[in-house]
Amino acid sequence: MANSSTTAPPLAPGAAPARFWFRVALLLALAAGFIGLPFVILFYGGRPLPGTFTWDFAMALGFAALALAALQFALTGRLKWLTRPFGADIVYLFHRYLSWGAVAIMLAHFALLYLWHQPALGVLNPLEARWELTSGRLALGCFVALIITSQFRKVLRLKYEWWRGLHLTLAIVGFVAAVAHVLGVGNYTANPDKRWLWAAVSLAWLGLLVWVRLVRPWQQRRNPWRVVANTAHRGGVHSLELKPEGQALPGWQPGQFAWLSVGRSPFLLKEHPFTISSAPEHGPNLVFSIKPLGDDTEALINTAPGTLAYIDGPYGAFSIDRAPGAGGFVMIAGGVGITPILSNLQAMVARNDQRPVIVLYANPDWDSVSFRDELDVMRHRLELTLVHVLDAPPEGWRSESGRIDQAMLERHLPPHSRHWPHMLCGPAPMTDAVRKALKALGVPAHRIDYEVFELV
């Protein structure tokens, strides 16, 4: 049931199938339509007498910022129909950049009014200002705080679960305050028909929130999992094996990840995203290989067998199943970034897939190389070229050392591999450097797929 090889998987952009690009175009058109919806509402049934350019532009910026703010809830809602063509990690990255743009537009909206239309702002003191103006400033403050606490979470030493709770609270308060501000000010919204339209938009947002924060956790609660094994590996990595006590994970492809909550209610904001390091062919049990990197991961690696767990997934597009016609694969990992690659390799072993694979695996030293024995066994079952790269190699080391650079890649990647899928997973500095080196070697950008190492 958990074997995803029975269905035709979506292809990577490099394969350029018509249905893939149609789905991408449709999603982008829906996003553009969502952003444009407030302007439809704005001009529906006529509009007030035109003002100056700065006034109209400031109003337009305000409506655009509100639309972008609402869109963030969809981008972070783990909606599979939205994440499937791109990968959930890319959607989350898009959310991050788009949120910066939304706040910049909000600040520009306020700045235009402050510079050219100060009377419309009233007094700045929230104790004396009209409620609808204070509501707008509250919304702006919430969204600015969202950006600061997200961008500098580690600097501020905010624990992951505290930050998630704060993030959700600021987002909800900010959006509600923004809608109240728009309705309270009444510019372009005084018409009763327009208020009904705004009410419909607000109800749609509320429905999405209820689905994500109440309905989906309720479904997870009805379909629990049980930790049946906790295995230690080199490099401090622990593998938790989970057995379904209800339905197995549907539609699972090698290399994907899921949100995992162990020993806690799924209604709490304490789940973490982890790669499923096992292959679907080895299901229905799932294996999550976790390295303690802060927050809750230190506690997770000490999870005792028998502990109840909840899973939301699968997500992600870092899978060989997205390129069934590829002549071979290049896979480059750093540290615990080997886990999605391990899953893909295990799937190839189970399927007796003898397409050539070249793996470069970077680690600080030989003792920290997780799964090195498993990878060595795979060399005898696959057409696998395995290259270990160490920062501090032991005496007599005969493989590569130092950083993965263009010269190293040129030594190990034959010219005919340039058009194979290149799958990268590891710390951002490593993947950024490797992507540049691959492009310098002539690898097309659409043949380079990388997993964002840290979603949040």
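Residues numbered from 1 in each chain as written. Predicted model: local features only at pLDDT ≥ 70, side-chain atom pairs only at ≥ 80, totals over all residues. Heavy atoms only, no water.

1. What to know about the sheet that holds strand S8 (residues 357-363)
Then comes step 1: Pairing is parallel across the open sheet formed by 6 strands, whose spatial order is S10-S9-S8-S7-S11-S12. Across the chains shown, the open sheet's two edge strands, defined by having one partner strand only, are strand S10 (400-401) and strand S12 (448-451).
Then comes step 2: As paired strands, strand S9 (residues 384-390) and S10 are joined by 2 bridges and run parallel to one another. Residue pairing across strands places Val 389 opposite Glu 400, the latter belonging to S10.
Then comes step 3: Helix H10 (residues 338-351) rests against strand S7 (329-334), S8 and strand S11 (422-425) of the sheet, and its axis sits at about 145° to S7.
Then comes step 4: Contacting S8 and S9, helix H11 (residues 372-379) crosses the sheet at an angle of about 150° to S9. (Pairing = 2+ DSSP bridges. Helix = DSSP H or I, 4+ residues; strand = E, 2+ residues; numbered from the N terminus. Contact = heavy atoms within 4.5 Å. Axes fitted to C-alpha atoms, helices over the stretch in contact; angles between N-to-C directions.)

2. Points about the nonpolar core
Then comes step 1: Of all hydrophobic cores here, the largest spans 36 residues; its most connected members are Leu 66, Phe 73, Leu 75, Met 106, Phe 143, Phe 175 and Leu 208.
Then comes step 2: For this core, the element with the most residues is helix H2 (residues 53-75), which contributes 10 residues.
Then comes step 3: Apart from the residues lying within four places of it in its own chain, the contact partners of Phe 143 are Ala 69, Val 103, Met 106, Ala 171, Gly 174 and Phe 175.
Then comes step 4: One finds Ile 320, Ile 338, Ile 341 and Val 369 within the second-largest nonpolar core, a separate group that totals 30 residues. (Core = buried A, V, L, I, M, F, W, Y, C linked by side-chain atoms within 4.5 Å. Buried < 20%, exposed > 50% of the residue type's maximum accessible area, 1.4 Å probe, protein only.)

3. A closer look at the packing of helix H4 (residues 88-116) against helix H6 (residues 131-151)
Then comes step 1: At their nearest, the axes of H4 and H6 sit 10 Å apart, and the two run at 145° to each other. As H4 runs across H6, the sense of the crossing is left-handed. Note on element contacts: H6 touches H4 through Arg 137, Leu 140, Phe 143, Val 144, Ile 147 and Gln 151, opposite Ser 99, Trp 100, Val 103, Met 106, Leu 107 and Phe 110.
Then comes step 2: A breakdown of the residues in the contact of H4 with H6 according to their chemical character gives 9 nonpolar, 2 polar and 1 charged. (Left-handed = near helix turned anticlockwise from the far one by under 90°. Nonpolar A, V, L, I, M, F, W, Y, C, P; charged D, E, K, R; others polar.)

4. With respect to the environment of Asp 296
Then comes step 1: Mapped onto the secondary structure, Asp 296 falls in the loop between strand S5 (286-290) and helix H9 (297-300).
Then comes step 2: In sequence terms Asp 296 and Tyr 160 are 136 residues apart; their C-alpha atoms lie 7.7 Å from each other.

5. Remarks on empty space enclosed by the protein
Then comes step 1: The full count for this structure, using the stated rule, is 2 cavities of 30 Å³ or more.
Then comes step 2: In this structure, the second largest cavity occupies an estimated 40 Å³ of space. (1 Å grid on protein atoms, 1.4 Å probe; cavity = no way out; pocket = protein on both sides within 12 Å on 5 of 7 lines; lining within 4 Å. Points joined across faces, edges and corners; volume = space filled by probe spheres on them.)

6. A look at the pattern of salt bridges
Then comes step 1: Counted by the stated rule, this structure contains 15 salt bridges.
Then comes step 2: Note that Asp 312 and Arg 216 form a salt bridge whose closest N and O atoms lie 3.7 Å from each other. With Asp 312 in strand S6 (residues 308-315) and Arg 216 in helix H8 (residues 192-221), the pair connects residues that are 96 residues apart, well separated along the chain.
Then comes step 3: Between Arg 351 and Asp 321 there is a salt bridge; the shortest N-O distance is 2.7 Å. One end of the pair, Arg 351, is in helix H10; the other, Asp 321, is in the loop between S6 and S7, with 30 residues separating them in the sequence.
Then comes step 4: A relative accessible area of 7% means that Asp 321 is categorised as buried. (Salt bridge = Lys/Arg side-chain N within 4 Å of Asp/Glu carboxyl O.)

7. Topic: the confidence of the model for the chain
Low-confidence regions, as indicated by low pLDDT, have predicted coordinates that should not be scrutinised in detail.
Then comes step 1: In this model, the chain carries an average pLDDT of 85, and 87% of its residues clear a pLDDT of 70 or more.
Then comes step 2: Looking over the chain, one finds the lowest element-wise mean pLDDT in helix H1 (residues 18-43), namely 68, and the highest in S8, namely 97.
Then comes step 3: Counted against residues more than four places away or in other chains, residues 1-16, with its pLDDT under 50, gives 36 contacts. (pLDDT = per-residue confidence, 0-100.)

8. Looking at the packing of aromatic side chains
When we look at a pair of aromatic rings, we describe it by the centre distance and by the angle of the planes.
Then comes step 1: The full count for this structure, using the stated rule, is 8 aromatic pairs.
Then comes step 2: Relative to Phe 57, the ring of Phe 53 has its centre 5.6 Å away and its plane inclined at 15°; by these criteria the two rings are stacked. Of this pair, Phe 53 and Phe 57 are both found in helix H2, 4 residues apart, which corresponds to roughly one turn of the helix.
Then comes step 3: Assessed through its relative accessible area of 38%, Phe 57 is described here as partly exposed.
Then comes step 4: Ring centres 5.9 Å apart and planes at 65° place the aromatic pair Phe 73 and Phe 175 in the edge-to-face group. Within this pair, whereas Phe 73 is found in helix H2, its partner Phe 175 is found in helix H7 (residues 160-185), the two being separated by 102 residues in sequence.
Then comes step 5: Exposure remark for Phe 73: the relative accessible area of 11% places this residue in the buried category.
Then comes step 6: Here Arg 78 stacks its cationic end above the ring of Trp 259, 3.8 Å away from the centre of that ring.
Then comes step 7: The residue whose ring lies beneath Arg 435 is Tyr 450, and the NZ or CZ to ring-centre distance is 4.1 Å. (Phe/Tyr/Trp six-rings, centres within 6.5 Å; stacked < 30°, edge-to-face > 60°. Lys NZ or Arg CZ within 6 Å of the ring centre and 35° of its normal.)

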